[in-house]
Amino acid sequence: MTASPFLRPPWDNLNRQHQAVSLGMWIFLVSEILLFAGLFAGYGVYRHLYPASFAKASAQTDIVFGTVNTAILMTSSLSIALAGGLARARLPRLAWYCLLATLVLGAAFLVVKGFEYREDIDKHLFPGPQFALGGTGPALFFSFYWIMTGVHAAHVSGGLAAIARLLIASRNEPAWLSGGGSEEATALYWHLVDVIWIVLYPLLYLNGRTHG
Amino acid sequence: MTGMRLSLPEASGNARLVDTAFFTVFGIAAVIFVALFILLVVFSIRYRRGTRARRGPLPSLLRREIEIGWTTATTFVAIFIFWWFVGGFTLPPRAAPNQLEIHVVAKQWMWKAEHPDGAREIDALHLPVNTPIRLVMTSEDVIHSFFVPAFRLKQDVLPARSEVLAFTPTRIGDFHLFCAEFCGTQHSRMTGDIVVMTQPDYAGWVRRQPHGDNLVRQGEALFAKFGCGACHAPESQVHAPKLAGLYGTRVTLADGRRLTADDAYLRNAILHPRDGTVAGYAPIMPDYAGVAGPADIDALIAYLKSQSGLKSQSGLKSQSSPKSQSSPKSQSSPQADR
Amino acid sequence: MTDAALPARPVPDYLHHGHTIWSWLSTTDHKRIGILFAVSITLFFTIGAVAIAVVRLELLTPAGDLVSDDTYNKLFTLHGIVMVWFFLVPSIPVTFGNFLLPLMIGAKDLAFPRINLLSWYLYLGGAAFTVATIIAGGVDTGWTFYTPYSTMFSNGAVLTAVAGVIVVGFSSVMTGVNFIATTHMLRAPGMTWFRLPLFVWAMYATSLVMVLATPVLAMTLLLIMAERWFELPIFDPSRGGDPLLFQHLFWFYSHPAVYIMVLPAMGVASEIIACFARRRLFGYAFMVYALIGIAVIGFFVWGHHMFVSGQSPYANVVFSFLSFMVAVPSAIKVFNWTATLYRGSIVFTAPMLYAFSFLGLFTIGGLTGLFLATVPIDIHVTDTYFVVAHFHYIMVGASVSAFFGGLHFWWPKITGRLYPELWARFAAVLMFFGFNLTFFPQFVMGYLGMPRRYHVYPPEFQVYHVLSTGGAALLGGAYLMPLAYLVWSLFYGRRAGANPWEAQGLEWQAPSPPPHDNFLTPPRVGDPYDYHPPEGPAALMDDAA
Ligand code: HEA
Ligand code: HEA
Ligand code: CUA
Ligand SMILES: [Cu+2]
């Protein structure tokens, strides 16, 4: 069996390398979940201490931007999963375009986020001297709002970089999409970024808009 | 090398229990350590290379029995130490009837204490012996820690919170007071003297102190200064809760939570009322955070408590407050946030 | 025992597989990365040691007459940060773990060699931030960064210090990911999980903790940066924040971190004790479950650092009970190490002396942990030198002894040279006495009420401090000796064969030092501790000097 270009030392079997790469990514994903767990813990403690003002504050976030972004990210998760499936089904061209769609959707997410941040700043929703809402609870909510969405946006950017690298590499060497496991790892990472947002969405946008 | 310290006096009620716990655990640990040490030495001598001691594998059944044996033994010893020394000790301090309540404020890099009748001192704390003491402590900046080695007691002092330390000094003399939680540049200079005196000496000392306003009268003045009366005075037209009799009662908030109005509740009600409005009232009370300092809050709380029939009593008959005053059972737990 | 017949053209060992600086800086060979890490952590140990040398000299006198209050606070903070995150957390995993894990399981390298190199560069990134912190005037918050002091009152270089710890944190997450994937995927055929040497199990358990605990620290420190930079009220008590939340998040990482610092030492001790007692390790399975037990229960005991912090008395009782439970697996390990000596054929080489000192000092350090887990005792001794003594007994007494034991045990494999045995034994004994003289007095003055982090102290504690500083000087000297004779042995030490100690374990089937791809012939996998032949080779033990 001729050594495939993706085979890297110390592996001598592409399948084993592929499994190792995805195992490694799964372990890294666990550490990422623990990273966000620290934030969710802090958010949870303060929401328990100040339930009323957390609800009032999160009602100030823009539900339209939040919902649109949720839709965008979930679609991008679908497209990257399709890309993997198509690549395994030996349709590299189609797979490449699905991957491109993921990149575009991811970028769109950041753009929408940018507009949302601008609006938030205009509405003085950044805790500071001219913070729009009084009391301590709202300032704490928005501290977590900015940090959680900021750290998440950083992860989105990291994911986009990985997808872009994959797109460039597989443009003339389609085997990259099913080769040594880097495609699957990138997809796994992107799914995590999506799942984290799916948890952030209710915490930041739906809270305070449910019962009356 | 002046007077090297070789022992620590037991100067409070619970010091004896802490020393007993220490030397018992020390005993158990020493027995285990010496046993292991002896085994180590015996094996090292008997089975060093070249001796004609019997060698060869151990029967595996024997190995498993030993393994399970010492695992359960260790677990039992661990649970025993825990049950014996940790079980009953850690209940929150209940307010003893004739307790002397002293307000302590920790501030970068000094200790301020205020006795119930207005006697004040800095970096020192005079106490009557054999009298239950209740320190209500708060910090004006960072976390400090009130540590008296001779009492075997320590309690962190946190900003915007009141922590309670209850004990009874049992020995007359001067003892070290240290700050034990790192609080900045002069952490190691934030020390003081605990002076435990006979009860008559203490009463005499208190009388000799310059009588600043006592806490309750200070609170009353601040109550007027901050315009609380504008809304809370009985004759005010503003729809605001009656504060007399509030301390120690259960309060229902607009979001349905029911809390006990203790020190921490009153503190938050004054500093951040917008974090939880009393049911049935408009959220019109302003935040006093940044307006009223920790010392002001202490005074206001003392005043509000005095409005609830709870004389902030001192343990001595010679004080004006009649002893027979029955005080509502105030279960103060430091965490009851709004 | 003559070496296996060497192939016609001798394969160069990993040290001579490329000579340029670039071949080292861009290497993906786990053995070279181990060496690069060894040099880096030795440098940072020196920085930490010099910082505490000045502290110890200052503490010779009750008055603060050597350095200012502020400098003292910055010195012990630097000592804590550098020693924990830039020396002891990486120490055994990144040096012996990197070098030996692939060799011990019969693999050519770790699962992700390039990520392994990234791990070293992340360490350098964190180190750069820490050096920048020193240059910027230092940080004075203690290694615990308690709020609101660290967020609102300290004007030291908190941001760069915290950034350094976050970056080096990702370095250890990467190492953890690499070790776990390697242990799962690259074991030689026949190397089942229960034929793994206990050192590999120790690396596995440590990696689990590194991967799961470190991210929480990274986020907690990020919150400090956010609060300081954007003045957010996260931990600001006057704006509704809760400083206790910071302590909970910090200690949720920092207790598991202390097991990151001791589990590798336990792995090294198991290998050394089995080899020089010539005995199969007593209760191999229990030793494995104990390692995993410590790693898992270690995540539930963090509250024992907060008994007087103002957390509820009920939390104190729960964390106290769990802290007693986490001690049981350690007890099992201590008993099993001792039982391994029974019917052994013990030889007191330098590694064995270090292993004995590990065993004794870990037991004392661990038992004093039980004192601290007893709430009424801890209320008295927390934040005093009793706690400082507790953690130095384990971190310096146990872990650093095991580090030096491993250094001597695998020195022939790493460098192909034998160290001077008599000098090494002398250094081990000197280190043991220097250590005890430094830290045993701290137990006594701690119980008598001497607070920690104190620049000035009442004169009644001066005798204890003088003893401790004297011990530190002895200890400092003892650390310098291995540095000297090990470097000497690189040039003049006797050449070591593939297996100078007649030890079990696949790494001893590779040449010393091993070639780039570790094994010339595929290693024979068998029982990792098949030490029953009563007599080790007579030739080896006596004239190894
Ligand atoms: C390598 C590091 C290491 C290790 C392994 C441990 C192990 C343990 N530690 Fe320690 N500890 C630290 C490093 C470590 N610690 C540090 C750095 C701090 C202070 C941080 C700071 O404040 O700056 C600290 C502080 C600390 C505290 C808080 C003190 C305070 O600040 O108030 C407590 C309290 O419970 C504690 C307990 C324990 C216990 C129960 C164990 C157990 O795991 C020990 C178990 C081992 C044994 C028990 C010995 C072997 C057993 C036997 C021989 C059989 C007999 C046993 C039984 C009967 C159970 N440690
Ligand atoms: C993690 C690993 C680790 C290691 C390896 C060490 C190693 C040492 N530690 Fe440290 N230590 C910590 C972790 C560690 N420490 C932590 C986490 C803290 C808490 C920090 C905080 O509170 O925030 C601490 C705090 C600490 C204190 C308390 C400071 C205080 O509270 O004010 C002391 C005091 O003696 C001390 C001593 C030592 C000594 C003597 C060594 C020795 O092993 C090092 C070797 C010593 C030397 C090599 C120098 C000695 C030489 C001389 C004294 C001779 C004269 C000097 C010269 C001529 C230069 N350490
Ligand atoms: Cu106040 Cu240390
Ligand atoms: Cu701990």
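About the cut-offs
- Every chain is numbered independently, its residues counted from 1 as its sequence is written.
- Whichever chain is written first becomes A and whichever ligand is written first becomes 1, with later ones labelled in order.
- Only residues with pLDDT of at least 70 get local features here, since the model is predicted, and only at 80 or more are side-chain atom pairs given and counted; chain-wide, interface and lining totals rely on the full set of residues.
- Only hydrogens and water are removed before side-chain values are computed, so all heavy atoms of the structure are retained for them.
- Distances up to 2.8 Å from the metal define which N, O and S atoms are donors, and 3.2 Å serves for Na, K and Ca; water is absent from the atom set, so sites may look incomplete.
- Under this scheme a four-donor centre is tetrahedral when all angles range from 85 to 135 degrees, a four-donor centre is square planar and a six-donor centre octahedral when opposite donors are above 155 degrees with the rest from 65 to 115, and any other centre is irregular.
- Here a helix means four or more residues in a row that DSSP labels H or I, a strand means two or more in a row labelled E, and each is numbered from the N terminus.
- Under the scheme applied here, a residue whose accessible area is under 20% of the maximum for its type counts as buried, over 50% as exposed, and between as partly exposed, the area being computed with a 1.4 Å probe on protein chains only.
- Here the rule is simple: two strands pair whenever DSSP picks up at least two bridges between them.
- Helix axes are fitted to C-alpha atoms over the stretch in contact, other axes to C-alpha atoms as well, and angles between N-to-C directions run from 0 to 180 degrees.
- By definition, residues are in contact when any of their heavy atoms lie within 4.5 Å.
- In this description, buried area is defined as the sum, over both parts, of the accessible area (probe of 1.4 Å) that is lost when the two are combined.
- Counted as salt bridges are all cases of a side-chain nitrogen of Lys or Arg within 4 Å of a carboxyl oxygen of Asp or Glu.
- The definition of a polar contact used here is a pair of N or O atoms within 3.5 Å, where within protein one atom must be able to donate a hydrogen and the other to accept one, and adjacent residues in sequence count solely through side-chain atom pairs.
- Note on residue categories: nonpolar means Ala, Val, Leu, Ile, Met, Phe, Trp, Tyr, Cys or Pro, charged means Asp, Glu, Lys or Arg, and polar means any other residue, Gly included.
- Patches were defined on residues exceeding 30% relative accessible area and lacking a salt bridge, with like-charge contacts within 9 Å and nonpolar side-chain contacts (Val, Leu, Ile, Met, Phe, Trp, Tyr) within 5 Å.
- Note on areas: Shrake-Rupley with a 1.4 Å probe; residue coverage comes only from the protein chains shown.
- The nearness test applies per residue and asks whether one of its heavy atoms lies within 4 Å of the molecule or strand.
- The directions from the helix axis to the C-beta atoms form the arc being described.
- As used in this record, nonpolar core signifies buried Ala, Val, Leu, Ile, Met, Phe, Trp, Tyr and Cys residues forming a set joined through side-chain atoms within 4.5 Å.
- The pLDDT score gives, residue by residue, the confidence of the prediction method on a 0 to 100 scale.

> Teacher, can you tell me more about the coordination of the iron atom of ligand 2 here?
Note on metal geometry: ideal angles are 109.5 degrees for four donors arranged tetrahedrally and 90 or 180 degrees for six donors arranged octahedrally. All names here are of chain C. Coordination of the iron atom of ligand 2 by the protein involves His79 (NE2) and His392 (NE2), with metal-donor separations of 2.0 Å. The site at the iron atom of ligand 2 holds 6 donor atoms, and with the angles between them running 84 to 180°, its shape is octahedral. In this pair, His79 sits in helix α3 (residues 69–88) while His392 sits in helix α14 (residues 385–415), placing the two residues 313 residues apart along the sequence. Here His79 falls in the buried class, since its relative accessible area comes to 13%. With relative accessibility at 13%, the residue His392 sits in the buried group.

> Help me understand the sheet that holds strand β9 (residues 173–179) of chain B in this model?
One key point about sheets: their strands pair by backbone hydrogen bonds, in either a parallel or an antiparallel sense. All names here are of chain B. Strand order in the open sheet made by the 5 strands is β4-β10-β9-β6-β7, with mixed pairing throughout. Each edge of the open sheet is held by one strand with a lone partner, namely β4 (124–128) and β7 (153–157). Taken over all neighbouring pairs, the strand axes of this sheet differ in orientation by 20° on average, direction set aside. In this sheet, strand β10 (residues 192–197) lies alongside β4 in parallel orientation, the contact comprising 5 bridges.

> Please explain the interface of chain A and chain B as it appears in this structure.
Put simply, an interface is often sized by how much accessible area is lost when its parts join up. Taken together, the contact pairs 9 residues of chain A with 8 residues of chain B. In total, about 580 Å² of surface goes out of reach between chain A and chain B, with carbon and sulfur atoms giving 52% of it. Seen at the junction of chain A and chain B, the total is 0 salt bridges. For the pair chain A and chain B, the number of links is 0 residue pairs in polar contact (both at pLDDT 80 or more). Within the residue set of the side of chain A that touches chain B, elements represented by two or more residues are α1 (14–49), α2 (51–58) and α5 (136–172) of chain A. The biggest single contributor to the side of chain A that touches chain B is α2(A), with 3 residues. Across the side of chain A that touches chain B, the residue classes tally to 4 nonpolar, 5 polar and no charged.

> Looking at this structure, I do not really get the coordination of the iron atom of ligand 1. What am I missing?
Residues and elements named next belong to chain C. Counting protein donors to the iron atom of ligand 1 gives just one, His390 (NE2), placed at 2.2 Å. Between the two metals, the iron atom of ligand 1 and the copper ion (ligand 4), the spacing is 4.5 Å. Along the polypeptide, His390 turns up in helix α14.

> Is there a simple way to explain a nonpolar patch on the surface in this structure?
Residues and elements named next belong to chain C. On the surface, a cluster of nonpolar side chains totalling about 520 Å² of accessible area is made up of Ile21, Trp22, Leu25, Tyr121 and Leu124. Taken together, the elements giving at least two residues each to the nonpolar patch come down to α1 (21–25) and α5 (113–135). The element best represented in the nonpolar patch is α1, accounting for 3 residues.

> Teacher, can you tell me more about unusual backbone geometry here?
Generally, phi is negative for residues other than glycine and the peptide bonds are trans, each holding for most cases. Here Thr147(C) and Pro148(C) are connected by a cis peptide whose omega angle stands at -5°. With respect to the secondary-structure elements, Pro148(C) resides in the loop between α5 and α6 (149–153). In this model, Ser512(C) is joined to Pro513(C) through a cis peptide bond whose omega is -15°. Tracing the sequence through the fold places Pro513(C) in the loop between α16 (462–492) and α17 (538–542). Backbone geometry places Trp109(B), a non-glycine residue, at a positive phi of 160°. Its place among the elements puts Trp109(B) in the loop between β1 (100–107) and β2 (110–114). Using a relative accessible area of 25% as the deciding quantity, one classes Trp109(B) as partly exposed.

> In this structure, what is going on with the pattern of salt bridges? I would like to understand it.
Side-chain pairs of opposite charge can arise whenever the charged atoms involved come near each other. Inspection of every chain in the model, using the stated rule, returns 18 salt bridges over all chains. A salt bridge links Glu101(B) to Lys305(B), with the nearest nitrogen and oxygen atoms 3.5 Å apart. In this pair, Glu101(B) is assigned in strand β1 and Lys305(B) in helix α7 (residues 294–307), connecting sequence segments 204 residues apart. The residues Glu101(B) and Lys305(B) share a single accessibility class, namely buried. With a shortest N-O distance of 2.7 Å, Asp69(C) and Arg189(B) are connected by a salt bridge. Here Asp69(C), found in helix α3, pairs with Arg189(B), found in the loop between β9 and β10, and the two come from separate chains. Salt bridges linked by common partners bring Glu101(B), Arg134(B), Asp263(B) and Lys305(B) together as one network.

> What's the story with the site of ligand 2 in this structure? I'm lost.
Residues and elements named next belong to chain C. In the vicinity of ligand 2 lie 32 residues, with Arg56, Tyr72, His79, His392 and Arg453 positioned nearest. Between ligand 2 and the protein, one listed contact pairs an oxygen atom with a side-chain N or O atom of Arg56 at 2.4 Å. Between ligand 2 and Gln442 there is a distance of 3.2 Å, counted from an oxygen atom to a side-chain nitrogen or oxygen. Elements with a minimum of two residues in the shell around ligand 2: α2 (30–58), α3, α14, α15 (421–447) and α16. In terms of residues, the shell around ligand 2 owes the most to one element, α3, which gives 7 residues.

> Looking at this structure, I do not really get the interface of chain B and chain C. What am I missing?
Tallying the contact residues gives 84 residues for chain B and 93 residues for chain C. Carbon and sulfur atoms make up 69% of the surface buried where chain B meets chain C, a total of about 7800 Å² over both sides. Contact with chain C buries surface across chain B, with Phe22(B), Arg49(B) and Phe182(B) losing the most and accounting together for 10% of the total. At the junction of chain B and chain C, the tally comes to 2 salt bridges. Residue Glu460(C) is joined to Arg5(B) by a salt bridge in which the shortest nitrogen-to-oxygen separation is 2.5 Å. Between chain B and chain C we count 20 residue pairs in polar contact (both at pLDDT 80 or more) in total.

> I'm lost on α2(A) in this one. Help?
An α-helical turn contains 3.6 residues, so a residue and the one three or four places further along point in the same direction. Residue and element names in this part refer to chain A. Where α2 is concerned, the buried positions are Ser53, Phe54, Ala57 and Ser58. For α2, the angular spread of buried residues about the axis comes to 125°, placing them on one side. In this fold, the buried residues of α2 make contact with α1, α5 and α6 (182–206).

> Please clarify how the nonpolar core should be interpreted in this entry.
Core analysis: the largest hydrophobic core is formed by 327 residues, its most contacted members being Leu135(B), Phe146(B), Phe151(B), Ile194(B), Trp85(C), Met352(C) and Trp410(C). The biggest single contributor to this core is helix α9 (residues 243–277) of chain C, with 23 residues. Among the nonpolar cores identified, the runner-up in size contains 25 residues, and Tyr247(B), Tyr265(B), Ile297(B) and Ile301(B) belong to it.

> Quick question: what am I supposed to make of the confidence of the model for chain C here?
Residue-level pLDDT values for chain C average 93, and 96% of them are 70 or greater. With pLDDT under 50 throughout, residues 536–545 of chain C is counted as low confidence; its partners more than four residues away or in other chains account for 17 contacts.

> Teacher, can you tell me more about the site of ligand 1 here?
Taken together, 32 residues lie around ligand 1, and Trp143(C), Tyr259(C), Asp378(C), Thr382(C) and His390(C) are the ones closest in. Of the chains in the model, those with residues near ligand 1 are chains B and C. The separation between a nitrogen atom of ligand 1 and a polar side-chain atom of His390(C) is 3.0 Å. Taken together, the elements giving at least two residues each to the shell around ligand 1 come down to α1 (15–46) and α2 (60–86) of chain B together with α9, α11 (313–340), α12 (350–373) and α14 of chain C. Of the residues forming the shell around ligand 1, the biggest block, 7 residues, is contributed by α12(C). For the shell around ligand 1, a count of residues per class yields 20 nonpolar, 10 polar and 2 charged.

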